[in-house]
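# Structure at a glance
So the chains spell out like this:
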Amino acid sequence: MAFLEDWIKPTDRGFEWGSGRSTIWFARRMVSLTSVEHDFAWAERVKGWIAKHGLEQKISYLFAEDGAREEPSSQYVRAIADVPNGSLNLVLVDGVARAHCAVAALDKIAVGGILIIDNANWYLPGPRASRSPNSRNGLPPVDPTWSEVKRRLADWRCLWTSNGVTDTAIWFRPCA
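Along each chain, the written sequence defines residue order, and numbers are assigned to residues from 1. Only residues with pLDDT of at least 70 are given local features in this predicted model, and only at 80 or more are side-chain atom pairs given and counted; all residues enter the totals for whole chains, interfaces and linings. To get the side-chain values, all heavy atoms of the structure are used, and hydrogens and water are removed first.

### Structural notes on the overall build of the chain
Each helix and strand counted, the chain has six helices and seven strands in total. The order of helices and strands in the chain, counted from the N terminus, is α-β-α-β-α-β-α-β-α-β-α-β-β. Compactness check: the chain gives a C-alpha radius of gyration of 15 Å against a globular reference of 16 Å for 176 residues, within 12% of the reference. Dimensions of the chain, computed from the C-alpha atoms along their principal axes, are close to 45 × 35 × 30 Å. To qualify as a helix, a DSSP run of H or I must reach at least 4 residues; to qualify as a strand, a run of E must reach at least 2; elements of each kind are numbered from the N terminus. Computation of the radius of gyration draws on C-alpha atoms alone. For the globule rule, the value is 2.2 Å times the number of residues to the power 0.38.

This is how it looks when you write it as C-alpha cells:
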C-alpha cells in the first residue's frame, strides 16, 4: 500500500465494492468514500468499525443484498450509476460481481484516476506470468464481460502487483 499512500490526496473521492479494512484505510486518506457491501453480517461489522474510527461523515455506506446475483442490473452494481462521470479519483473492485462493477466504474473515473481490481489474476491474464494460484497465465479472460473490461482498459497504464497468493492490478486513466 506504500504506492497508494503516496498517490491518494486528501481531496480525492473514492468508491469501493466490497468493504472491510480498505474502507477505513481509504476513508482516512480521502475527502469521501462510497462503499457498497452485499453481506449483511459483514456490513454490520464494518459499520461498527466506521463508528469506532469516527468516519461516519466521510463514508457513504450502502448495503445491497442482491450483489451475489452477478448481474449488471443489480442494485449492488448500479450503486455507482448516479455518480457523475469523471468524478472519482479511485475505484476499488474487491467484492462480488467484479466484472460488472468494473464495467460500471470505467466512465466514472477521472482523468489520472485509478481503478484497482483485487484478485485480478483470477479473471484476466496479467502482463507477465503470475506465480499466484489459479492465475490466467496464457488464457483469455474468464468470460465475455471480463473480455470487455480488458478491451476497455487496453489504453490505460497498468501496475500489476502480486504477493504470490493473489494479484492486484491498478489501472491509470489516460488523459485522452
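### Re the packing of helix α5 (residues 98-105) against helix α6 (residues 144-152)
Lines fitted to the C-alpha atoms define the axes, with helices restricted to the stretch that makes contact. Angles between their N-to-C directions range from 0 to 180 degrees. Interhelical geometry of α5 versus α6 gives an angle of 35° and a closest axis separation of 9 Å. Handedness of the crossing formed by α5 with α6: left-handed. Where α5 abuts α6, its residues Arg98, Ala99, His100, Ala102 and Val103 lie against Thr145, Trp146, Glu148, Val149 and Arg152. When residues are sorted by character, Ala, Val, Leu, Ile, Met, Phe, Trp, Tyr, Cys and Pro go into the nonpolar class, Asp, Glu, Lys and Arg into the charged class, and all the rest, Gly among them, into the polar class. For the contact of α5 with α6, the residue count by class is five nonpolar, two polar and three charged. Note: crossing handedness is left-handed where the near helix turns anticlockwise from the far helix by less than a right angle, and right-handed where it turns clockwise. By the convention used here, residues are in contact when the closest approach between their heavy atoms is within 4.5 Å.

### A look at the packing of aromatic side chains
When the centres of two rings from Phe, Tyr and Trp lie within 6.5 Å, Trp using its six-membered ring, the rings pair. Their planes under 30 degrees apart give stacked, over 60 give edge-to-face, and anything left gives tilted. Evaluated as defined, the whole model comprises ten aromatic pairs. Their ring planes at 80° and their centres at 5.8 Å tell us that Phe3 and Phe172 sit as a pair that is edge-to-face. Placement of Phe3 in helix α1 (residues 2-7) and of Phe172 in strand β7 (residues 167-172) is noted, with a sequence separation of 169 residues between them. Throughout this description, buried means an accessible area under 20% of the type-specific maximum (1.4 Å probe, protein chains only), exposed means over 50%, and partly exposed covers the range between. When its relative accessible area of 16% is taken as the criterion, Phe172 is described as buried. Ring-over charges, as used throughout, are those where CZ of Arg or NZ of Lys falls within 6 Å of the ring centre and within 35 degrees of the ring normal. The ring of Trp25 is capped by Arg29, whose NZ or CZ atom sits 3.8 Å from the centre of that ring.

### Things to note about the nonpolar core
Residues belong to a common nonpolar core when they are buried Ala, Val, Leu, Ile, Met, Phe, Trp, Tyr or Cys residues joined through side-chain atoms within 4.5 Å. In terms of nonpolar packing, the biggest core is built from 30 residues, with Phe15, Trp17, Tyr76, Val91, Leu115, Ile117 and Trp171 touching the most fellow members. Going through the elements one at a time, β1 (13-17), α4 (75-78), β4 (88-93), α5, β5 (109-118), α6 and β7 are the ones with two or more residues in this core. In terms of residues, this core owes the most to one element, α5, which gives four residues. Of all hydrophobic cores here, the second largest spans 20 residues; its members include Met30, Ala43, Val46 and Ile114.

### Let's talk about the sheet that holds strand β2 (residues 32-37)
A pair of strands is labelled paired if DSSP reports no fewer than 2 bridges between them. The strand order β3-β2-β1-β4-β5-β7-β6 describes an open sheet built from seven strands, whose pairing is mixed. Every interior strand has two partners, whereas the edge strands, β3 (59-63) and β6 (157-162), have only one. Adjacent strand axes in the sheet meet at a mean angle of 15°, parallel and antiparallel pairs treated alike. Bridge count between β4 and β5: five bridges; the pairing is parallel.

### Things to note about the side chain of Thr23
Within the fold, Thr23 resides in helix α2 (residues 21-27). Side-chain polar atoms of Thr23 contact the side chain of Glu16, separated by 2.3 Å. Filtering out sequence-adjacent residues up to four positions away, Thr23 remains in contact with Glu16, Leu33, Ser35, Val46, Ile50 and Ile59. Throughout this description, a polar contact denotes any pair of N or O atoms lying within 3.5 Å of each other; where both atoms belong to protein, one of them has to be capable of donating a hydrogen while the other can accept it, and for residues adjacent in sequence the pair is counted only when both atoms sit in side chains.

### A short note on the pairing of β2
For β1 and β2, the ladder comprises five bridges, and the chain directions are parallel. By the bridge assignment, Gly14 is partnered in β2 with Leu33. In this region the chain leaves β1, passes through α2 and returns to the parallel neighbour β2; the handedness of that crossover is right-handed. As defined by bridge partners, β2 adjoins β3 across five bridges and the pair is classed as parallel. Paired with Val36 across the strands is Leu62, a residue of β3. When the strands point away from the viewer, a crossover counts as right-handed if the route from the first strand across the helix to the second turns clockwise. In this fold, the crossover linking β2 to β3 by way of helix α3 (residues 40-52) has right-handed handedness.

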